[in-house]
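Fold and geometry: a report
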Amino acid sequence: MVKLEEVSLDHVEEEEYTDTDSSSVYSSDEDEDDVDNIESIMDRILALQDVIPAKTRKSISDKCSSIYGWGKHGVKFLGNSAWVLTTSALLLVLPLMIELEHEQGLIEYEKMQQQSSQMLSQTSSGQQQQKKPASGIVPPGF
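These figures come from a predicted structure and were not determined experimentally. (Residues numbered from 1 in each chain as written. Predicted model: local features only at pLDDT ≥ 70, side-chain atom pairs only at ≥ 80, totals over all residues. Heavy atoms only, no water.)

1. Let's talk about the overall build of the chain
The helix and strand inventory of the chain stands at four helices and zero strands. Listing each helix as α and each strand as β along the chain from the N terminus yields α-α-α-α. Per element, the accessible surface of the chain, about 14100 Å² overall, is 60% carbon and sulfur. (Helix = DSSP H or I, 4+ residues; strand = E, 2+ residues; numbered from the N terminus. Areas by Shrake-Rupley, 256 points an atom, 1.4 Å probe, with all protein chains shown as cover.)

Below you can see the structure in the form of structure tokens.
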């Protein structure tokens, strides 16, 4: 059982501190005791081991392990799926895209050839029409 003793404020004010030791109010022995009494977070978590029953700790540990396992499995599955999709796209779709681009280039080339042949035929027919009125007889093929 603990016995509590009340200390009056007059008693605290009457004490006089001397500057003989150092500028600090506390001695170095008391400082070392204070440092030893400071608990870290890890110490507090480890102290919970005494508070939480073993069955509950086991249940929490199993659930955390299960969540970690499912998460690890899910991330691995997503990584494998991404790998399959990207390699399939590169192997199947990329050659198709290249071939479509090549075909589009050929179509444009054929259009340019048709336009140039039409322009040549128009200019040559225009020259023939201009020559016909000038001369009455035109040999075949001109």
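On we go.
2. A closer look at the confidence of the model for the chain
This prediction gives the chain a mean pLDDT of 80; 73% of its residues lie at or above 70. Helix α4 (residues 54–134) holds the highest mean pLDDT among the elements of the chain, 88, whereas helix α2 (residues 28–37) holds the lowest, 56. (pLDDT = per-residue confidence, 0-100.)

3. Thoughts on the pattern of salt bridges
A side chain of one charge can pair with a side chain of the opposite charge when the charged atoms of the two come close. Taken as a whole and judged by the stated rule, the model has one salt bridge. Note that K58 and D62 form a salt bridge whose closest N and O atoms lie 3.4 Å from each other. Separated by four residues within a single helix, K58 and D62 lie in helix α4, roughly one turn from each other. (Salt bridge = Lys/Arg side-chain N within 4 Å of Asp/Glu carboxyl O.)

4. Details of a nonpolar patch on the surface
Where nonpolar side chains cluster on the molecular surface, the patch consists of L91, L92, V93, L96, M97 and L100 and spans about 640 Å² of accessible area. Relative to the elements of secondary structure, V93 occurs in helix α4. (Patch = residues over 30% accessible without salt bridge, like charges linked within 9 Å, V, L, I, M, F, W, Y side chains within 5 Å.)

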